[in-house]
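Structural description and commentary
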Amino acid sequence: MTNKRVILQLDGLTCPSCMTKIESALAHQPGVEKVKVLFNASKAKADFDDSKVSAEELGQVVDKLGYEVKKIKVKDEVAAK
């Protein structure tokens, strides 16, 4: 198991319900452990196991909800908090 963090730069966040929709959709993906959407920064962050799901697949989940993923950044080895 390799824990990583994906940061998705988003376009199209217009209200707090957008945050809830994205957080819920990402949280239900296999291998996703922690999700946080930052409304003011238009970013979604998720800690995930890359042996179960890829950062690109997580970006596609958000795309299918109707939000544009402008950039995907992945950080290796998320420290336990």
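Residues numbered from 1 in each chain as written. Predicted model: local features only at pLDDT ≥ 70, side-chain atom pairs only at ≥ 80, totals over all residues. Heavy atoms only, no water.

1. Notes on the pattern of salt bridges
Per the stated rule, a full pass over the model turns up three salt bridges. Between lysine 4 and aspartate 76 there is a salt bridge; the shortest N-O distance is 3.1 Å. Of this pair, lysine 4 sits in strand 1 (residues 3-11) while aspartate 76 sits in strand 4 (residues 68-76), placing them 72 residues apart in sequence. On the accessibility criterion, aspartate 76 (54% relative accessible area) is exposed. (Salt bridge = Lys/Arg side-chain N within 4 Å of Asp/Glu carboxyl O. Helix = DSSP H or I, 4+ residues; strand = E, 2+ residues; numbered from the N terminus. Buried < 20%, exposed > 50% of the residue type's maximum accessible area, 1.4 Å probe, protein only.)

2. Observations regarding helix 2 (residues 55-64)
For helix 2, the complete set of buried residues consists of Ala55, Leu58, Gly59, Val61 and Val62. Projected down its long axis, helix 2 shows its buried positions confined to an angular sector of 150°, all on one face. Residues of helix 2 that are exposed and point more than 90 degrees away from the buried face comprise Glu56 and Lys64. On its buried face, helix 2 is in contact with strand 1, helix 1 (16-27), strand 2 (32-38), strand 3 (43-49) and strand 4. Positive phi shows up at glycine 66, right after helix 2, with a value of about 105°. (Arc of directions from axis to C-beta. Contact = heavy atoms within 4.5 Å.)

3. Here we look at the environment of aspartate 50
Tracing the sequence through the fold places aspartate 50 in the loop between strand 3 and helix 2. Among the polar contacts made by the side chain of aspartate 50, one reaches the side chain of lysine 4 at a distance of 3.2 Å. (Polar contact = N/O pair within 3.5 Å; in protein donor to acceptor, adjacent residues only side chain to side chain.)

4. Considering the nonpolar core
Ranked by size, the top nonpolar core spans 22 residues in total, and within it Leu8, Leu10, Ile22, Leu26 and Val62 carry the most contacts. Here this core gets five residues from one element, more than from any other, and that element is helix 1. (Core = buried A, V, L, I, M, F, W, Y, C linked by side-chain atoms within 4.5 Å.)

5. Here's the deal with the side chain of aspartate 49
Its place among the elements puts aspartate 49 in strand 3. The buried charged residue aspartate 49 lacks any salt bridge partner; its closest oppositely charged side chain belongs to lysine 52, at an N-O distance of 4.3 Å. (Lys, Arg positive; Asp, Glu negative; His and termini not counted.)

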